[in-house]
Amino acid sequence: RSREPVNPSTRSAAMALIRSMCAESVDERVLIGFDFSFGYPAGFAQALTGSSEWSALWSWMAEHISDDDRNLNDRLDVAAAVNSRLGSGPFWGYPGATRSDGLGRSRPSTYAPFDAFRLAEHRVRAAGHRPFSAWQLAYPGSVGSQMMLGMRALELLRRDPVCGTRLRVWPYETGLGPDSGVIKPGQVMIAEIWPSMFPLDVALHPVRDAAQVLTMVAHITELDRGGQLGSWFDPMLSGDERAVVVAEEGWTLGVL
C-alpha cells in the first residue's frame, strides 16, 4: 500500500530517512527507485578512474565531491576539473556568474570520444521519449548534477555499516534477467527509475512530484502482485550490450 509521500528538504535528510528504512526492514524485501542514472556512456569511467567498473566511478564521486547538510556542494568545480583533466571534457551548463575554468555554459559541439547517451537512453528515445544527456549539469530538465550527487550519496550508503551489507545495486551486482530482481528477506535493492516514462495519475496527489511517486509505486505494486515485475529486470539486449550495461552503464528499470 502507499503511504503519504514525504519531501525531505536536503539530500542529507533524505539519505538519513533511507538509512533508517533500510535498518528497520529486517524481514522485508525492499526495492528503492532513484530518479537519476547510475552510470555514464561507455568509456567515461575508464577515462576518469582507470577502470571501466561502475564501482570505481561511484567511489571516485564519493571521494571528490563535497555535499554538506545544507545541500551546499562543489559538483560544478569537480565537473570543471574533470573537463580540464580530460582535455575537451563533456560536462556543460552552470547557473550564476560566468566561470573561467573548464566548464562551459553551452553544449559543446561534440562529446567525443563519449556518446551523448547510454544504451538505455537510446532505447527510450527510440520509443519517443526525450531524456536529457547526463553531461548537462544545469537548466530546466537537466539531470547531470543529480547524477553526480546521487552517485556520491549511494556510494556512501553502500559503505554504511548497517545498510551496506544488505544492499544490492541493480543491475551491477545482480546481473540482468527475470531472477535478477529476486532478493532475500532483509535485503534492499536499489535501482534507477525514470517515472516520466509513465502516464501520470494526477488524482493521486495535489503535488505533481508526489503524484508521480505514488503513480510509480502503484504501477510497480500492480506488476508485482500479478507476477509480471520480473520482465522489468530482463530488457532485450544483445550479449555485448548486456556486458556494457552490467559493467559500467547501468540500466533504467522498466525500459524493456
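Student: Requested: an account of the layout of surface pockets, with residues and values cited.
Tutor: Of the volumes computed, that of the second largest pocket is approximately 200 Å³. As for the second largest pocket, its lining consists of 13 residues, and the residues nearest its centre are R11, S12, M15, R152 and L156. Mapped by element, the contributors of at least two residues to the lining of the second largest pocket are α1 (11–24) and α6 (144–158). When residues of the lining of the second largest pocket are assigned to their parent elements, the largest contribution, five residues, is made by α6. Taken together, the residues that form the lining of the second largest pocket break down as five nonpolar, two polar and six charged.

Student: Explain the pattern of salt bridges residue by residue, including any values.
Tutor: Taken as a whole and assessed by the stated rule, the structure comprises eleven salt bridges. Salt bridges here are not isolated pairs; linked through shared partners, they connect E63, E155, R158, R159 and E173.

Student: Lay out the packing of helix α4 (residues 75–86) against α6 in plain terms, naming residues and giving numbers.
Tutor: At a minimum axis separation of 10 Å, α4 and α6 run at an interaxial angle of 100°. In terms of their interaxial angle, α4 and α6 are classed as roughly perpendicular. Together, R75, V78 and A79 of α4 and S145, M148 and L149 of α6 make up the contact between the two elements.

Student: I'd like a description of the nonpolar core, backed by residues and values.
Tutor: Counting residues in hydrophobic clusters, the biggest one holds 47 residues, and the most contacted among them are Y40 and F91. At the level of secondary structure, the elements contributing two or more residues to this core comprise α1, β1 (30–34), α2 (44–49), α3 (54–64), α4, α6, β2 (167–169) and β3 (188–192). The element contributing the most residues to this core is α6, with seven residues. With residues up to four places along the chain from it excluded, the contact list for F91 reads Y40, F44, A79, V82, N83, L103, A134, W135, L137 and M148. Counting residues in hydrophobic clusters, the runner-up holds 21 residues, among them I220, L223, F233 and V255.

Parameters and conventions
- Residues numbered from 1 in each chain as written.
- Predicted model: local features only at pLDDT ≥ 70, side-chain atom pairs only at ≥ 80, totals over all residues.
- Heavy atoms only, no water.
- 1 Å grid on protein atoms, 1.4 Å probe; cavity = no way out; pocket = protein on both sides within 12 Å on 5 of 7 lines; lining within 4 Å.
- Points joined across faces, edges and corners; volume = space filled by probe spheres on them.
- Helix = DSSP H or I, 4+ residues; strand = E, 2+ residues; numbered from the N terminus.
- Nonpolar A, V, L, I, M, F, W, Y, C, P; charged D, E, K, R; others polar.
- Salt bridge = Lys/Arg side-chain N within 4 Å of Asp/Glu carboxyl O.
- Axes fitted to C-alpha atoms, helices over the stretch in contact; angles between N-to-C directions.
- Parallel < 35°, antiparallel > 145°, perpendicular 65-115°, else oblique.
- Contact = heavy atoms within 4.5 Å.
- Core = buried A, V, L, I, M, F, W, Y, C linked by side-chain atoms within 4.5 Å.
- Buried < 20%, exposed > 50% of the residue type's maximum accessible area, 1.4 Å probe, protein only.

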